[in-house]
Amino acid sequence: MPNHKSAEKRVRQNERRRVVNRSNRSRLRTAVKELRSALEKGGKNATELLPTTVSEIDKAVQKGVLHRNAAARHKSRLTARVNQAAAK
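For clarity, every value in this text was computed on a predicted model and none was experimentally measured.

J.: When you look at the nonpolar core in this model, what are you seeing that I'm missing?
T.: Soluble, globular proteins show a tendency: their nonpolar side chains are buried together. In this structure, Leu-28, Leu-35, Ala-46, Ile-57, Leu-66, Leu-78 and Val-82 are the most contacted members of the largest nonpolar core, which totals 16 residues. Contact partners of Ile-57, with chain neighbours within four places excluded, come to Leu-28, Leu-66, Ala-71, His-74, Lys-75 and Leu-78.

Here it is in C-alpha coordinates:
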(Lines give C-alpha, C1' and ligand atoms only; values in the text may rest on other atoms or scores of the structure.)
Protein backbone atom coordinates (compact mmCIF):
# COMPACT_ATOMS: atom_id res chain seq x y z
CA MET A 1 0.00 0.00 0.00
CA PRO A 2 1.31 3.45 -0.86
CA ASN A 3 2.10 5.71 2.06
CA HIS A 4 2.39 9.05 0.26
CA LYS A 5 0.02 11.04 -1.87
CA SER A 6 2.44 10.91 -4.80
CA ALA A 7 2.73 7.14 -4.44
CA GLU A 8 -1.08 6.82 -4.52
CA LYS A 9 -1.16 8.89 -7.70
CA ARG A 10 1.59 6.75 -9.22
CA VAL A 11 -0.47 3.61 -8.49
CA ARG A 12 -3.48 5.14 -10.27
CA GLN A 13 -1.38 6.20 -13.26
CA ASN A 14 0.28 2.80 -13.55
CA GLU A 15 -3.08 1.03 -13.51
CA ARG A 16 -4.48 3.27 -16.27
CA ARG A 17 -1.37 2.78 -18.38
CA ARG A 18 -1.43 -0.98 -17.81
CA VAL A 19 -4.99 -1.19 -19.14
CA VAL A 20 -4.15 0.91 -22.21
CA ASN A 21 -0.97 -1.06 -22.94
CA ARG A 22 -2.79 -4.35 -22.54
CA SER A 23 -5.50 -3.23 -24.96
CA ASN A 24 -2.95 -2.11 -27.56
CA ARG A 25 -0.94 -5.32 -27.25
CA SER A 26 -4.10 -7.42 -27.51
CA ARG A 27 -5.24 -5.57 -30.65
CA LEU A 28 -1.84 -6.15 -32.24
CA ARG A 29 -1.73 -9.85 -31.37
CA THR A 30 -5.26 -10.38 -32.66
CA ALA A 31 -4.46 -8.77 -36.02
CA VAL A 32 -1.31 -10.84 -36.45
CA LYS A 33 -3.12 -14.02 -35.40
CA GLU A 34 -5.94 -13.40 -37.91
CA LEU A 35 -3.43 -12.90 -40.72
CA ARG A 36 -1.49 -16.04 -39.81
CA SER A 37 -4.66 -18.12 -39.63
CA ALA A 38 -5.70 -16.79 -43.05
CA LEU A 39 -2.33 -17.88 -44.40
CA GLU A 40 -2.81 -21.34 -42.90
CA LYS A 41 -6.24 -21.73 -44.53
CA GLY A 42 -5.14 -20.83 -48.02
CA GLY A 43 -4.07 -17.22 -48.24
CA LYS A 44 -6.81 -15.70 -50.39
CA ASN A 45 -8.04 -13.51 -47.55
CA ALA A 46 -4.48 -12.78 -46.40
CA THR A 47 -3.82 -10.16 -49.07
CA GLU A 48 -6.81 -8.19 -47.78
CA LEU A 49 -5.73 -8.53 -44.15
CA LEU A 50 -2.09 -7.55 -44.73
CA PRO A 51 -2.57 -3.74 -44.94
CA THR A 52 -4.66 -3.64 -41.76
CA THR A 53 -2.15 -5.82 -39.93
CA VAL A 54 0.76 -3.65 -41.04
CA SER A 55 -1.20 -0.63 -39.88
CA GLU A 56 -1.74 -2.20 -36.46
CA ILE A 57 1.97 -2.98 -36.21
CA ASP A 58 2.82 0.65 -37.04
CA LYS A 59 0.35 1.88 -34.43
CA ALA A 60 1.92 -0.43 -31.87
CA VAL A 61 5.29 1.18 -32.56
CA GLN A 62 3.82 4.66 -32.09
CA LYS A 63 2.25 3.63 -28.80
CA GLY A 64 5.44 2.02 -27.51
CA VAL A 65 4.19 -1.58 -27.56
CA LEU A 66 6.80 -2.75 -30.10
CA HIS A 67 10.30 -1.62 -30.94
CA ARG A 68 10.56 -0.25 -34.48
CA ASN A 69 13.11 -2.85 -35.55
CA ALA A 70 10.95 -5.68 -34.22
CA ALA A 71 7.99 -4.18 -36.07
CA ALA A 72 9.98 -4.01 -39.29
CA ARG A 73 10.97 -7.64 -38.87
CA HIS A 74 7.35 -8.71 -38.30
CA LYS A 75 6.10 -6.71 -41.29
CA SER A 76 8.82 -8.10 -43.53
CA ARG A 77 8.18 -11.71 -42.59
CA LEU A 78 4.40 -11.41 -42.83
CA THR A 79 4.62 -9.67 -46.21
CA ALA A 80 6.98 -12.33 -47.52
CA ARG A 81 4.60 -15.09 -46.42
CA VAL A 82 1.60 -13.34 -47.98
CA ASN A 83 3.48 -12.83 -51.26
CA GLN A 84 4.57 -16.46 -51.25
CA ALA A 85 1.00 -17.62 -50.66
CA ALA A 86 -0.31 -15.33 -53.41
CA ALA A 87 2.23 -16.69 -55.89
CA LYS A 88 0.92 -20.24 -55.49
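J.: Is there a simple way to think about helix H3 (residues 68-87) in this case?
T.: One turn of the α-helix equals 3.6 residues, which is why residues spaced by three or four share an orientation. Its 20 residues give H3 an end-to-end C-alpha distance of 28 Å, which sits within 8% of 28 Å, the value for a rise of 1.5 Å per residue. Here H3 has its buried residues at Ala-70, Ala-71, Leu-78, Val-82 and Ala-85. The arc that holds every buried residue of H3, seen down its axis, measures 100 degrees, which confines them to one face. For H3, exposure combined with an orientation more than 90 degrees from the buried face picks out Arg-68, Arg-77, Gln-84 and Ala-87.

J.: Where do I start with the environment of Arg-25 in this structure?
T.: Within the secondary structure layout, Arg-25 lies in helix H1 (residues 5-41). Looking at Arg-25, the relative accessible area reads 36%, which means it is partly exposed. Separated by 31 residues in sequence, Arg-25 and Glu-56 place their C-alpha atoms 9.8 Å apart.

J.: Which parts of the structure should I look at to understand the packing of H1 against helix H2 (residues 46-62)?
T.: When two helices pack together, their arrangement is captured by the angle between the axes and the distance separating the axes. One way to put it is that H1 packs onto H2 with a least axis distance of 9 Å and a crossing angle of 155 degrees. By the criterion of interaxial angle, the relationship of H1 to H2 is roughly antiparallel. Considering the relative orientation of H1 and H2, their crossing is left-handed. Only Ala-46, Leu-49, Leu-50, Thr-53, Glu-56, Ile-57 and Ala-60 of H2 make contact with H1, whose side of the interface consists of Arg-27, Leu-28, Ala-31, Val-32, Glu-34, Leu-35, Ala-38 and Leu-39. Residue composition of the contact of H1 with H2, by class: 11 nonpolar, one polar and three charged.

J.: Please clarify how H2 should be interpreted in this entry.
T.: Between its first and last C-alpha atoms H2 spans 24 Å; for 17 residues at 1.5 Å apiece the expected length is 24 Å, and the two agree. Listed as buried for H2 are Ala-46, Leu-49, Leu-50, Thr-53, Glu-56, Ile-57 and Ala-60. For H2, the secondary structure elements touched by its buried residues are H1 and H3. Backbone geometry just downstream of H2 places Gly-64 in the positive-phi region, at approximately 85 degrees.

J.: Looking at this model, I keep getting lost on the packing of H1 against H3. Mind explaining?
T.: It is at 10 Å that the axes of H1 and H3 come closest, and there the two elements cross at 25 degrees. Comparing their axes, H3 and H1 come out roughly parallel. Judged by the twist between their axes, the crossing of H1 over H3 is left-handed. Here Val-32, Leu-35, Arg-36, Leu-39 and Glu-40 of H1 lie close against H3, whose contacting residues are His-74, Leu-78, Arg-81, Val-82 and Ala-85. Across the contact of H1 with H3, the residue classes tally to six nonpolar, one polar and three charged.

What counts, and at which threshold
- Residues numbered from 1 in each chain as written.
- Predicted model: local features only at pLDDT ≥ 70, side-chain atom pairs only at ≥ 80, totals over all residues.
- Heavy atoms only, no water.
- Core = buried A, V, L, I, M, F, W, Y, C linked by side-chain atoms within 4.5 Å.
- Buried < 20%, exposed > 50% of the residue type's maximum accessible area, 1.4 Å probe, protein only.
- Contact = heavy atoms within 4.5 Å.
- Helix = DSSP H or I, 4+ residues; strand = E, 2+ residues; numbered from the N terminus.
- Expected span 1.5 Å × (residues − 1).
- Arc of directions from axis to C-beta.
- Axes fitted to C-alpha atoms, helices over the stretch in contact; angles between N-to-C directions.
- Parallel < 35°, antiparallel > 145°, perpendicular 65-115°, else oblique.
- Left-handed = near helix turned anticlockwise from the far one by under 90°.
- Nonpolar A, V, L, I, M, F, W, Y, C, P; charged D, E, K, R; others polar.

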